[in-house]
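Examining the three-dimensional arrangement
As a plain string of letters, each chain reads:
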Amino acid sequence: MLNKRIKFISGSKFHQFCWEFFYVLSGALGLFALMEIIKPWSVVNYLNISLVLLLWVLDAMILLAFREKKV
Amino acid sequence: MKNWSWRQKIRWSLWSGLVLLALILVWLALVPSGHMTYSFHQSGHNWLGGKGFIGSFTPADRVISTSTDLRIIGDPVYFSLFTPRRFESAKMTIVYRGFDYESYPIIEAGVMVDPVLRNYRLSPVSNFIIDRLAQQWPSRSDNGLLLLQKEEKYKSVSELLANPPQLDELAFYNYQHSFPFKLEGYQAESNIKNLPDLRGSYQFYSYIDNEPLNFSVDFLDLNQNADQNGDPVKIYVYNSLSQAVAEYDLADDGIKEDNGKLNPSRNININLDNLTAGVYKVEVKTNDDLLSQNIKSTQSHLAFISRLWLYNRPAQSVNIWTKGSFVKVKAADPAGVGVISLNNEDFYINETYEQYLWPFVQSQEINEVSLSGSDVVVETSGTFSFSEKTLFNPDVKKVDSQLDLSRIKYIIADYTPPVSLGIWRQATVEMDLTDVYRQKGKSNFMISIPGLLAENGLTGAEIKSLRLELTGKSLIQKLKEYVK
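Residues numbered from 1 in each chain as written. Chains lettered and ligands numbered in written order. Predicted model: local features only at pLDDT ≥ 70, side-chain atom pairs only at ≥ 80, totals over all residues.

Description of the overall build of chain A
Rule in force here: Each helix corresponds to a stretch of at least 4 residues labelled H or I by DSSP, and each strand to a stretch of at least 2 residues labelled E; elements are numbered beginning at the N terminus. Any residue with 12 or fewer other C-beta atoms within 10 Å of its own C-beta is exposed, any with 20 or more is buried, and the rest are partly exposed; the C-beta atoms used are placed from the backbone. Each residue gets a C-beta atom placed from its backbone, and two residues are in contact if those atoms lie within 7 Å.
Counting its regular elements, chain A contains three helices and zero strands. Listing every helix and strand of chain A by position from the N terminus yields α-α-α. Of all 71 residues assigned to chain A, the portion counted as buried reaches 8%. Put simply, 67% of the contacts in chain A that link residues at least 6 apart link residues at least 24 apart.

The structure is reproduced here in structure tokens:
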């Protein structure tokens, strides 16, 4: 059952989206950290960076759980 | 774009979104237009989880904060505002409702201008006394000022100022004007008077006529509070036109820690000759770590303004006199707990750091306060003196909850009444931010409801929303100034 689900998700559009979302979230975390160093409170006053980090971790977990198996 | 794969389109969309978000954040951080609005709604939602710009209302024991209500139960309450850059003015729009306008008729809001004295420049939100009198007495609006007269006599504020009534018939609100002040029958003295020890900041009026202005004080740094800036002292002397005529400085004693070590006290001696006769105001600006000892002056008439922190030694009683109709008392140390006598009637300070507000039950022309405890902060409306005969107050009375209206015939107020929104009221307060104290991007604001004590558990006002519209220089204006 789990193998079927992994097969279904692996390589799907959702999987591809997760990969792209992961890259963007990584970039966002780096960018927000840089902005906070340059101008403190410029991001955290509007946005909870912990939420971005949580999304990034969840996305990474999905990618790790449903990674494509190399034959 | 047509040949892009689904994955490339997603990639482009997500990265574009991030760049757009970053640009918006940069715009909000720079505020290039010079205009920005920050809002607070007690029942509002913060979907993105940001820290926001308006901080919590403190101290916690003076507010009741639920998901829908923000009630003020003690005076004053504070909040901070973070701004990414400096602004020059603010328009605060506050939607509120009072619960007992008769007992707590005044609500004021302001911003901190002096971190040492913890001075806030307050502006009126609502004054129920004036609102009520405006419906009962004839009123005139004159260049943004409100003139209320029990019996119509003056056609304008300028006419009243040019030909003033007796000062005890006049009251001001949010307005200042100095009338020439003369103490009839005043005789200069040359003998030195010793005053009790005082802690922290204080201000007093001194009347001089054909004599030097003389005041000597030893400052002892108690080193009980750690302060990065140390504990400096500044003394300003102002004439009756509020012009500074002298300034004195004393640096920190060299110990910035709170280790309680005592260095020898250091003296400031003020001796100003050839001053024209009249009232002078001396402002001693320091923090609560400084003790003023051996206060000596040849002036017979010294009237301390509004607040005194008496630091008399235990078992040494101090008598002070005031024309104020109440005293607000707080023991800053267990040594201050005990009996306080108001016109020979005993009251008890039971707890340290608890505010007690007592009106003089048998109020007289001049009321006497007798204290035996040490380390007690005493406040009133008006002035205090250490001698009954030398008490004076050159200030015009202020319209506050303790004002005796029976003798007042004229009121000048710089005040706009709030707008009614059903059960809620909306008031707008204009604030000048050019000289406000700002640390790490934060300015401190205060909402004051005089007389409201948290110990009583009564609600003074409920705040529905708060909006701060800030205006400053635009980025283009800043660049032009930089280029010049």
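From this point on, the discussion continues.
So, the overall build of chain B
The helix and strand inventory of chain B stands at four helices and 34 strands. Oriented by its inertia axes, the alpha-carbon framework of chain B measures out at about 100 × 60 × 55 Å. Taking all 484 residues of chain B together, the buried fraction comes to 30%. Considering only contacts in chain B between residues 6 or more positions apart, those separated by 24 or more positions represent 77%.

Quick word on the nonpolar core
Residues and elements named next belong to chain B. For clarity, the cut-off: Here a nonpolar core is just a set of buried residues of the types Ala, Val, Leu, Ile, Met, Phe, Trp, Tyr and Cys, joined wherever their C-beta atoms sit within 7 Å.
Ranked by internal contacts, the top residues of the largest apolar core, which has 41 residues, are Phe 204, Phe 304, Leu 308, Leu 310, Val 369 and Val 378. Here this core takes six residues from strand E20 (residues 302-310), the largest share from any one element. Ranked by size, the runner-up nonpolar core spans 36 residues in total, among them Leu 81, Met 92, Val 429 and Leu 452.

Section: helix H2 (residues 128-136) of chain B
Our working rule: What the arc covers is the set of directions going from the helix axis to the C-beta atoms.
Those residues of H2 of chain B that fall on the buried side of the exposure criterion are Ile 129, Ile 130 and Leu 133 of chain B. Burial along H2 of chain B is one-sided: seen end-on, the buried residues are contained in an arc of 90°.

Examining the interface of chain B and chain A
On the side of chain A, 20 residues touch chain B, which itself brings 20 residues to the contact. For the side of chain B that touches chain A, the element with the most residues is helix H1 (residues 6-30) of chain B, which contributes 11 residues.

Digging into the environment of Val 245 of chain B
Residue and element names in this part refer to chain B. With respect to the helices, strands and loops of the structure, Val 245 is situated in strand E16 (residues 244-250). Residues Val 245 and Lys 281, spaced 36 residues apart in sequence, show a C-alpha to C-alpha distance of 9.9 Å. Aside from chain neighbours lying at most four places away, what touches Val 245 is Val 237, Tyr 238, Asn 239 and Leu 272.

Overview of the domain arrangement of chain B
Under the convention used in this document: Start and end points for every domain follow an automatic or database-based domain assignment.
Taken domain by domain, chain B consists of domain 1 (1-30) and domain 2 (308-388). A straight line from the C-alpha centre of domain 1 of chain B to that of domain 2 of chain B covers 67 Å.

A short note on the packing of helix H2 (residues 13-38) of chain A against helix H3 (residues 49-65) of chain A
All names here are of chain A. So the rule is basically this: Axis definition: a line fitted to C-alpha atoms, limited for helices to the stretch in contact. Angles are taken between N-to-C directions and run from 0 to 180 degrees. Working rule for angles: under 35 degrees goes down as roughly parallel, over 145 as roughly antiparallel, 65 to 115 as roughly perpendicular, anything else as oblique. It is the rotation of the near helix from the far one that decides the hand of a crossing: anticlockwise by less than a right angle makes it left-handed, clockwise makes it right-handed. Three classes are used, and their members are as follows: Ala, Val, Leu, Ile, Met, Phe, Trp, Tyr, Cys and Pro are nonpolar, Asp, Glu, Lys and Arg are charged, and the others, Gly among them, are polar.
Running from N to C, H2 and H3 cross one another at 150°; their axes reach a closest spacing of 9 Å. Of the possible angle classes, the one that applies to H2 and H3 is roughly antiparallel. Remark: the crossing between H2 and H3 carries left-handed chirality. Here Cys 18, Trp 19, Phe 21, Phe 22, Leu 25, Ser 26, Ala 28, Leu 29 and Phe 32 of H2 come into contact with H3, specifically with Ile 49, Val 52, Leu 53, Leu 55, Trp 56, Asp 59, Ala 60, Ile 62 and Leu 63. Each residue belonging to the contact of H2 with H3 can be placed in one class, and the counts come to 16 nonpolar, one polar and one charged.

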